[in-house]
Every structure is written in C-alpha cells, then in structure tokens.
Amino acid sequence: MVRKLIFALAWAGIFIISLGGIYLGIIPEYFYNVDFYSYAFRGALIGLSAIYLLLSIEKFLSNFEKPKDYEIQTENGKLTVSSSSVNNLVKEIVGSSSDIKNIRPSNKIKRKKLFITVKVDAYTDSEISKNILDLQKQVKDYVFEYLGVEVENVEVKVSKLVKRKAASGFRSERGDE
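Residues numbered from 1 in each chain as written. Predicted model: local features only at pLDDT ≥ 70, side-chain atom pairs only at ≥ 80, totals over all residues. Heavy atoms only, no water.

## With respect to the sheet that holds strand 3 (residues 100-110)
Turning to step 1, where the next piece is worked out: Across the sheet, which stays open at both edges, the three strands sit in the order 3-4-5 with mixed pairing between neighbours. The open sheet has two free edges, formed respectively by strand 3 and strand 5 (151-162), since each of these has just one partner strand. Recorded for the sheet is a direction-independent mean angle of 15° between the axes of neighbouring strands.
Turning to step 2, where the next piece is worked out: Pairing analysis gives ten bridges linking strand 4 (residues 113-123) to strand 5, with the strands arranged parallel. Residue Ile116 lies in a different strand from strand 5, and its bridge partner there is Val154.
Turning to step 3, where the next piece is worked out: In the packing of helix 3 (residues 83-95) onto the sheet, the strands contacted are strand 3 and strand 4, and the crossing angle to strand 3 comes to about 145°.
Turning to step 4, where the next piece is worked out: Packing of helix 4 (residues 128-147) onto the sheet brings it into contact with strand 3, strand 4 and strand 5, and relative to strand 5 it is tilted by some 140°. (Pairing = 2+ DSSP bridges. Helix = DSSP H or I, 4+ residues; strand = E, 2+ residues; numbered from the N terminus. Axes fitted to C-alpha atoms, helices over the stretch in contact; angles between N-to-C directions. Contact = heavy atoms within 4.5 Å.)

Have a look at this one:
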C-alpha cells in the first residue's frame, strides 16, 4: 500500500512538472534568468512535457481501472476466469435452493481477492438466517472447487421477502368458503 502511494505521488509530481513545462514553453516571459526564447528549446520543452503529461494521464486512468477478470498463475501459465463465468456459477449454486428466487450476482476484485455479492428475494416461511449462512458457505466452496478461485467474502443481500402463495384448496382461518 505504501509503495502504491509513493508511486501515485511520483506520477502526480510528473503531472505537475509536465504542466509547468508546457506553461514555461508557451509563456517564457516570467523567467528572466534563462534564455527560453529559442524555438528549439521551447519546442523540445513543450514536446517532452506533453509526452510526460500524456504518460501521467494514461497511468492515472489505468491505475484506477478495475480489473474485470480474475487471474490465477499456474505452473503452466496464466489462467483467466471471467467475471461472467463466476456470476453464472453463483447463479446455478444459489438457484438450486427452493427458498430463494430472483438471483442477481455480482463480483469484484480488490487487492487480488474475489468478493461476491448476491442480491436475492427469499421466502418468509423458511428460516432465512440459517439458509443464508448455508448459501454463503456453499457459494464459497463451489467457486473454489469448480474454478480454483479463493473467495474472500460472500455477501448475500435479501432485497425482498416473499410470501409463498397458498394452495388453491386452502380455507381461510375465518371460516369463509
């Protein structure tokens, strides 16, 4: 983490220096001690500063870009597991439960660790907390078993509690027929 902070500060410095260089190349009147009026010097300064400016902007954008796929280094090379394949596997695992419907999985990678979030609708007539705990363990185990990816955390969000529909021959408690 400290190395990334130092690296980001270094690129921020390069960004500021490149802006200063461009400013110096375009408006050299504010510096009296050095002869900045030669076109070769100003052109080289602006060109070099523009290159550093573009490099720092590219580095800022790529540094904050989130990877979409999970990469595993094996003895034979690199294995890339796509985000959609993780989501499909999670959908299959969670879909096998009869107490859960409307499954919306998502995943993200932070610091080379996989985090899975599953939004579901659950039926109220079952023991929700026990089912969710079982579901979290199941997702974590199956993703590791099938994809070889270690899951750091499985978060299940119950967005809606659904009551099961009564059978058609069911009589109400008031005795109405």
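## Comments concerning a positive patch on the surface
Turning to step 1, where the next piece is worked out: On the surface, Lys4, Lys108, Lys110, Arg111, Lys112 and Lys113 cluster together to form a positively charged patch.
Turning to step 2, where the next piece is worked out: Among the residues examined, Lys4 registers a relative accessible area of 61% and is labelled exposed. (Patch = residues over 30% accessible without salt bridge, like charges linked within 9 Å, V, L, I, M, F, W, Y side chains within 5 Å. Areas by Shrake-Rupley, 256 points an atom, 1.4 Å probe, with all protein chains shown as cover. Salt bridge = Lys/Arg side-chain N within 4 Å of Asp/Glu carboxyl O. Lys, Arg positive; Asp, Glu negative; His and termini not counted. Charge placed at Lys NZ, Arg CZ, Asp CG, Glu CD. Buried < 20%, exposed > 50% of the residue type's maximum accessible area, 1.4 Å probe, protein only.)

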